[in-house]
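Structural features, examined
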There are 2 protein chains.
Amino acid sequence: DVFPITRALLSVSDKSSLIPLAEFLHSKKVHLLSTGGTAKAIRDAGIPVTDVSEYTGSAECLDGRVKTLHPKIHGGLLGVRGNEKHEADMKEHDIGKIDMTILNLYPFESTVNSGAGFEQCIENIDIGGPSMLRSTAKNHAFTTIVTSPDQYQEVMECMEKNGGGTTLELRRRFAARAFALSAKYDGMIANWFGEQLAKDGGEKGTSVVTRVYEPAFQLKYGCNPHQKPAAILSSLNKKLPFQILNGTPGYINLLDAANAYLLVKELRQATNLAAASSFKHVSPAGAAVAVPLTDIECAAYEITPEAASKLTPSALAYLRARNADPMCSFGDYAAVSDVVDEDTALILKKEVSDGIVAPGYTPAALEILKAKKGGKFIILEANPDFVPDDVEYREVYGMTFAQKRNDVIITTEHMTKNVVTKGGVSSLTDAAIRDMIVASICVKYTQSNSVGFAKDGMMVGVGAGQQSRVDCVKLAGRKVKTWYLRQHPKVLGLKFKEGVKRQDRVNARVRYIEGDFTPEERTRWEAQFEVVPDALSEEEKDEFMKQATGVTISSDAFFPFRDSIDHASKVGVCYVVQPGGSVQDEQVTACCDDYGMVMSFTDLLHPSL
Amino acid sequence: DVFPITRALLSVSDKSSLIPLAEFLHSKKVHLLSTGGTAKAIRDAGIPVTDVSEYTGSAECLDGRVKTLHPKIHGGLLGVRGNEKHEADMKEHDIGKIDMTILNLYPFESTVNSGAGFEQCIENIDIGGPSMLRSTAKNHAFTTIVTSPDQYQEVMECMEKNGGGTTLELRRRFAARAFALSAKYDGMIANWFGEQLAKDGGEKGTSVVTRVYEPAFQLKYGCNPHQKPAAILSSLNKKLPFQILNGTPGYINLLDAANAYLLVKELRQATNLAAASSFKHVSPAGAAVAVPLTDIECAAYEITPEAASKLTPSALAYLRARNADPMCSFGDYAAVSDVVDEDTALILKKEVSDGIVAPGYTPAALEILKAKKGGKFIILEANPDFVPDDVEYREVYGMTFAQKRNDVIITTEHMTKNVVTKGGVSSLTDAAIRDMIVASICVKYTQSNSVGFAKDGMMVGVGAGQQSRVDCVKLAGRKVKTWYLRQHPKVLGLKFKEGVKRQDRVNARVRYIEGDFTPEERTRWEAQFEVVPDALSEEEKDEFMKQATGVTISSDAFFPFRDSIDHASKVGVCYVVQPGGSVQDEQVTACCDDYGMVMSFTDLLHPSL
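**Some details on the overall build of chain A**
Within chain A, the secondary structure is distributed over 25 helices and 22 strands. For a compact globule of 609 residues, the expected C-alpha radius of gyration is about 25 Å, and chain A comes in at 33 Å, more than 25% above that figure. Taken over the C-alpha atoms alone, chain A extends approximately 105 × 55 × 40 Å along its principal axes. Taking all 609 residues of chain A together, the buried fraction comes to 62%. In chain A, the proportion of contacts linking residues at least 24 apart, taken out of those at least 6 apart, comes to 60%. About 22300 Å² of surface is accessible on chain A, with carbon and sulfur atoms providing 51% of the total. Of the side-chain charges in chain A, 68 are positive and 77 negative, and the distance between the mean point of each set is 4 Å.

**Comments concerning the pairing of strand β15 (residues 378-382) of chain B**
Consecutive residues of a regular strand have side chains that alternate between opposite faces of the sheet. Residue and element names in this part refer to chain B. With four of its five residues buried, β15 lies for the most part within the structure. One ladder, built from four bridges, connects strand β10 (residues 242-246) with β15; its direction is antiparallel. Following the sheet pairing, I244 is matched in β15 by L380. Bridging between strand β14 (residues 353-358) and β15 involves four bridges; their strand directions are parallel. By the bridge assignment for β15, A358 is matched with E381. After leaving β14, the chain enters helix α16 (residues 363-370) and then returns to the sheet as β15, a path that is right-handed.

**As for the relation of the copies chain B and chain A**
When chain B is fitted to chain A, the best match, at an RMSD of 2.7 Å, comes from turning it 180° and sliding it 0.5 Å along the axis. Taken together, the rotation angle and the small translation identify this as a two-fold axis. Taking C-alpha positions as reference, the residue of chain B nearest the rotation axis is B:A183, located at 0.5 Å. The share of interface residues of chain B whose copies in chain A are also at the interface is 99%, consistent with both copies meeting through the same surface.

**Notes on the nonpolar core**
Counting residues in each nonpolar core, the largest one holds 132 residues, and the members touching the most others are A:L25, A:L32, B:L25 and B:L32. If we skip the residues at most four places from it in the chain, B:L25 touches B:A8, B:L10, B:V30, B:L32, B:M100, B:I102 and B:M159. Counting 127 residues, the second-largest nonpolar core is a separate cluster that includes A:L240, A:A257, A:L536 and A:L604.

**What about the packing of aromatic side chains?**
Within this structure, the stated rule accounts for 34 aromatic pairs over all chains. Where A:F108 meets A:W192, the ring centres are 5.5 Å apart and the plane angle is 85°; that geometry is what we call edge-to-face. Of this pair, A:F108 sits in helix α6 (residues 108-113) while A:W192 sits in helix α10 (residues 168-199), placing them 84 residues apart in sequence. By relative accessible area, which is 5% here, A:W192 ends up buried. In this structure an aromatic cluster arises from ring pairing among A:F108, A:F118, A:Y185, A:W192, A:F193 and B:F179. The ring of B:F377 carries the charged tip of B:K372 above its face, separated from the ring centre by 5.4 Å. The positively charged end of B:R511 is found above the aromatic ring belonging to B:F517, 5.4 Å away from the centroid.

Conventions we followed
- Residues numbered from 1 in each chain as written.
- Chains lettered and ligands numbered in written order.
- Predicted model: local features only at pLDDT ≥ 70, side-chain atom pairs only at ≥ 80, totals over all residues.
- Heavy atoms only, no water.
- Helix = DSSP H or I, 4+ residues; strand = E, 2+ residues; numbered from the N terminus.
- Rg over C-alpha atoms; globule rule 2.2 N^0.38 Å.
- Buried < 20%, exposed > 50% of the residue type's maximum accessible area, 1.4 Å probe, protein only.
- Contact = heavy atoms within 4.5 Å.
- Areas by Shrake-Rupley, 256 points an atom, 1.4 Å probe, with all protein chains shown as cover.
- Lys, Arg positive; Asp, Glu negative; His and termini not counted.
- Charge placed at Lys NZ, Arg CZ, Asp CG, Glu CD.
- Pairing = 2+ DSSP bridges.
- Right-handed = clockwise from strand over helix to strand, strands pointing away.
- Least-squares fit on C-alpha atoms with pLDDT ≥ 70 in both.
- Core = buried A, V, L, I, M, F, W, Y, C linked by side-chain atoms within 4.5 Å.
- Phe/Tyr/Trp six-rings, centres within 6.5 Å; stacked < 30°, edge-to-face > 60°.
- Lys NZ or Arg CZ within 6 Å of the ring centre and 35° of its normal.

Put into structure tokens, the structure is as follows:
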């Protein structure tokens with residue numbers, strides 16, 4: 001497996017560590033071949049080196065474009081050692097063996113990134129380098145391909161240990177890396193070429209798109225356990241947006257994390273308040289910005305007003321996000337827009353949750369979170385400056401769907417530019433605008449069709465994935481009603497037995513409000529209380545809901561009919577945000593006016609699929 | 001911009017259309033250079049051709065490994081035309097211009113796929129081909145690189161129009177494609193190499209993944225109108241799974257079509273019955289196989305028993321699919337497993353629908369469908385033999401998610417292998433197994449969390465995208481109840497005014513059943529009837545639902561508690577399908593036994609996200 005190195009070809013643009021390597025090779029009696037600047041550097045260091053053109057006997061011409069594209073070079077690299085015919089051919093044609101190639105490719109990418117013009121980029125496409133790289137890598141059973149200074153040390157150690165030769169194991173590994181480098185290199189060229197064609201308005205239909213990814217880490221499986229293999233990859237030469245600080249995220253965790261983080265990042269940007277979200281199955285169960293709690297809310301969320309008043313903004317935001325629909329948030333994926341502090345970590349500590357993503361963690365917070373789930377709590381650190389590629393590609397059943405990222409930023413402007421109801425823009429308070437933004441950004445990240453209800457900077461009802469708009473309003477509206485009724489005196493007054501767990505108390509309150517027990521469930525439910533509570537009657541609920549007010553609804557597509565507004569009116573809606581564009585817009589607007597609601601048209605659709 | 005072609009180099013493994021091209025080039029007085037089998041084929045066709053080794057004066061050696069790696073070849077490709085120094089160099093070194101290269105690369109991928117061993121795969125790494133390809137593509141300002149027979153026609157037309165030369169526009173486009181091909185080729189090698197190293201227990205992390213796409217068509221926009229540009233692409237050298245016969249599909253239409261078609265294809269395979277689905281927002285509103293209708297169903301779906309008895313299987317399947325939730329199916333995307341016939345087209349003609357996908361259409365059906373929506377109805381023809389790549393890639397916020405396609409096929413075996421309730425597998429009827437399969441395949445294509453209810457081969461309630469399992473059961477359960485109550489005598493007896501449209505009748509019945517009118521809505525609703533109907537009371541509904549029986553529920557993940565079963569029991573569920581795996585499996589099974597239900601564990605999770 002070990003073949004001695006008798007002759008090596010060096011051609012590098014990155015000259016770091018070149019001389020020690022050349023010295024070493026010379027000391028091992030390796031005949032050095034080189035070209036241009038590399039040859040000069042070696043010669044200047046006093047190490048003997050032969051110019052490739054001298055070696056091939058073919059004068060350098062065409063500005064050096066064909067220096068190494070010669071049978072004496074490629075024959076020397078590609079000849080099968082020990083093959084009688086090859087050995088005879090090499091002898092006959094005076095082709096000496098070249099056992100090692102050390103090269104870098106011309107820096108095409110940095111040329112492009114420097115803003116160079118078309119011609120100059122083309123000039124920086126390396127031809128000779130990839131050819132030598134590929135010949136050497138193909139023939140790695142005998143030859144060694146070295147493509148980066150970070151491999152020099154290993155090569156020298158290997159040769160030192162193996163009598164001046166390299167092992168097959170090393171040659172195979174280096175060959176694999178060489179082909180990967182070559183693929184990357186031509187991938188970059190192909191991508192750049194595609195962009196150039198597009199710029200020139202050339203026919204798209206004839207160009208190709210090359211996406212080159214580097215595997216970041218393997219996943220145990222994909223969306224389902226039988227979907228193996230599965231992995232996360234990054235775009236070539238780009239980092240991932242998140243760094244894993246703890247735990248082993250799965251496919252769905254990472255989808256949740258991406259959407260959850262984008263949601264809070266945009267909320268932060270739009271409202272200038274700390275924001276948090278609580279995701280389940282790639283839709284938010286809740287989301288909120290840091291707005292102080294009322295005393296009744298404190299009671300409903302099981303925190304004392306005093307403790308609540310001392311919470312940091314991040315903690316307050318997550319507490320609200322988690323309390324939009326705390327039954328659904330069980331086992332959520334959390335996202336926080338700001339550095340996670342101890343307060344926030346202590347709130348999360350009490351909740352059943354799968355993981356978190358945030359731009360940073362205080363040491364105390366990190367310690368608390370790392371201890372969750374027996375050490376398996378997933379902690380991702382987001383790079384807040386990460387900018388993904390502009391166009392996203394997605395393969396579905398042999399079709400690749402390409403689209404510009406949904407990078408629209410929802411702002412106050414969208415809420416105020418076209419208030420279609422009677423009072424116009426002056427009927428919007430700052431708090432209303434904030435809630436309109438919160439609800440709209442939230443539905444942007446909710447599986448379509450979706451509507452979301454917000455109040456006091458938090459989501460109080462998110463309806464995801466419905467096929468009819470009005471069904472979606474009813475679904476989310478029921479959640480708003482449940483959220484409100486968690487503040488009903490009879491709910492706040494429930495007397496739980498000692499030892500009933502937090503999540504069980506949360507669920508028991510929700511089921512008390514919903515009231516649709518099956519017999520078995522009722523027995524189990526009743527067993528949790530010191531005093532079995534009276535039912536909460538429909539009349540009591542309706543009576544309590546009369547105080548509901550100040551709620552905002554946002555929809556990811558227009559309301560086709562007034563029925564959605566009619567239903568929304570039952571849960572305290574005062575503000576309506578929608579793109580507009582239905583043939584029935586006038587009737588829908590009139591309906592809002594009937595109820596004294598304020599409605600804004602944003603022109604922004606945002607289904608998420 | 002136009003340069004005449006004086007000399008061309010041909011080296012192809014795919015010899016289709018080679019001879020007509022060679023003849024054409026010869027007729028244009030192009031000097032042909034070639035190697036090996038390509039030269040022989042051309043010579044055998046009586047066309048003059050020079051062997052590369054004769055041309056370079058360098059004898060073929062090393063089994064042909066270095067034939068074209070010669071300054072006379074690469075100098076001829078890379079020389080800058082019109083550059084004084086280059087022209088002089090070429091003259092001095094007797095380097096003739098080579099203006100066009102026509103080549104394919106050695107079939108590395110098919111060698112790997114054929115199960116060849118390591119050595120043979122390595123042998124099939126092309127060295128000379130990529131070098132010529134890259135030299136020609138780099139110098140595309142002057143030279144033309146042709147890499148696929150599907151480009152021959154265009155090259156010939158271009159030369160014909162341009163006095164024997166090619167245009168810069170064509171050369172650039174072809175060069176871009178050439179670099180993409182090269183990137184893909186080395187990407188495949190790098191991937192394969194990585195796998196080999198991994199097999200040997202070597203380090204991963206050295207490999208890259210290269211995906212190369214060809215744009216198929218532009219989209220007006222992506223998921224949202226502001227997401228531009230957007231396009232559909234195919235994998236390089238692969239066709240799309242669908243051909244567009246009519247209309248202009250959008251991003252969401254195509255996502256719907258992919259999922260809708262896969263659903264019916266799998267239903268067809270699993271049940272051997274014609275199948276149809278009705279999609280909205282990437283989830284099925286309904287899906288069914290061809291099972292005859294009862295007379296009461298006929299009344300509920302507005303078809304006479306006589307007409308129904310004559311329906312073709314495809315028509316019957318779509319009629320059922322559309323009637324699972326006809327209010328949601330408004331504006332659906334339809335899929336049919338079999339060739340669409342006139343019967344099916346006539347049913348679709350009456351419905352508001354966006355498009356259809358099927359493996360074929362009779363001429364009569366196509367004519368009817370093409371006339372829908374003022375000619376804009378989208379008609380896609382699916383290639384039933386299409387096989388997509390094994391692993392799908394999806395970019396989300398700078399992360400690329402890779403996973404094996406969800407290609408698990410749900411069969412009878414999954415339903416029968418682990419019946420956990422008392423009666424065991426003998427308590428399953430054929431009809432029950434069929435419905436279990438229908439419901440399970442349907443939830444496989446429903447946005448998670450999802451459960452689906454089926455009866456008589458059709459979905460009667462699909463719950464999509466909920467964050468809590470029991471909420472999902474309740475949501476879909478309400479749909480089952482609505483479906484049943486559409487057969488209530490009071491609903492069937494509703495007296496609509498003349499002129500009330502079909503979809504309005506459908507909606508009016510559903511709203512009658514739901515009963516939660518707002519005052520304005522009630523007025524509008526009542527205006528549709530000859531005789532204003534009595535309310536359908538809760539008691540009447542409950543009474544009618546007592547006859548509900550024989551319903552199947554399938555869930556895309558396990559039921560964590562018995563509550564879901566308790567709720568399912570209210571809508572006639574007799575059969576339960578779920579993966580199993582909850583810590584409460586025993587309690588859930590006991591619950592099924594209490595109700596006399598039959599439950600199967602499939603081990604198959606199938607969330608869809």
